[in-house]
Amino acid sequence: MSDRTGLPEGYEFSADPARVDVDRVHRWLSTDAYWAIGRSREKHRRAMESSLNFGVYATASGEQVAYARAVTDRALFAWLADVYVDPAVRGKGVGTAFVGRVRDQLEPYGLRRILLATQDAQEVYRKLGFRPLDRPEQWMIHPFE
C-alpha cells in the first residue's frame, strides 16, 4: 500500500534540509557510493549547501533512509546527484518513488531538463521518464580530478 506520495506505507518524503542526517548521508556516500568513495565531510557539506536536498524517512522512527540533492538554477536546468537508498530498504519501491517525488518537486520551476549520470540504475530512472541523451556527442566535460 502506498500513501499519496507514492512511497510505500511507513515512509515519508521531505524537502526540508534541516531534516537531513548529514553524518549518515556522508557515511553512506563516502563509504558505499561508487561516485563518492572517499569524499571528505567538508566537500560533502559544501555540496549540500549549494543544492536542494531531499530525504525519505521512516515514519515511525524519523530515521533517514534515502537522500538526493539537486544542483539547479531553478529556471532552466537541474543536475540530480547523490541519489542513495539505504541498503536495508532497497527493493521496496522507496528509490523509484523517491526520485519521482524529487522530479515532482523540481517541476514547478519550469526547468528544460534534469540531467543525471548513473552506472547501474538506468531502469529505475527510465520508469520515471528519464532517457539517454539524444546527442551525447554534443556534451563535453572538463574533469579536474
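Residues numbered from 1 in each chain as written. Predicted model: local features only at pLDDT ≥ 70, side-chain atom pairs only at ≥ 80, totals over all residues. Heavy atoms only, no water.

> Go over the packing of helix H1 (residues 22-32) against helix H2 (residues 41-49), please, and point to the residues and values.
Their axes nearest at 10 Å, the elements H1 and H2 cross at an angle of 115°. What the angle tells us is that H1 and H2 run roughly perpendicular. The chirality of how H1 crosses H2 is right-handed. Residue-level contacts link Val 22, Asp 23, Val 25, His 26 and Leu 29 of H1 to Arg 41, His 44 and Met 48 of H2. Among the residues making up the contact of H1 with H2, the classes are represented as four nonpolar, two polar and two charged. (Axes fitted to C-alpha atoms, helices over the stretch in contact; angles between N-to-C directions. Helix = DSSP H or I, 4+ residues; strand = E, 2+ residues; numbered from the N terminus. Parallel < 35°, antiparallel > 145°, perpendicular 65-115°, else oblique. Left-handed = near helix turned anticlockwise from the far one by under 90°. Contact = heavy atoms within 4.5 Å. Nonpolar A, V, L, I, M, F, W, Y, C, P; charged D, E, K, R; others polar.)

> Give me the lowdown on the packing of aromatic side chains, citing residues and values where you can.
Aromatic ring pairs are described here by two measures, namely the spacing of the ring centres and the angle between the planes. In total, this model carries five aromatic pairs according to the counting rule given. Ring plane angle 85° and centroid distance 5.0 Å describe the contact between Tyr 34 and Trp 35, whose orientation is recorded as edge-to-face. You can call Tyr 34 partly exposed: its relative accessible area is 38%. Between Tyr 125 and Phe 130, the aromatic rings sit 5.7 Å apart at their centres with planes inclined by 80°, giving edge-to-face as the arrangement. Note on Phe 130: relative accessible area 14%, which makes it buried. Clustering of aromatic rings is evident, with ring pairs tying together Phe 13, Phe 54 and Phe 98. Directly above the ring of Tyr 57 sits Arg 19, whose terminal nitrogen or CZ lies 4.0 Å from the centroid. Taking the ring centre of Tyr 84 as reference, the NZ or CZ of Arg 90 above it sits at 5.1 Å. (Phe/Tyr/Trp six-rings, centres within 6.5 Å; stacked < 30°, edge-to-face > 60°. Buried < 20%, exposed > 50% of the residue type's maximum accessible area, 1.4 Å probe, protein only. Lys NZ or Arg CZ within 6 Å of the ring centre and 35° of its normal.)

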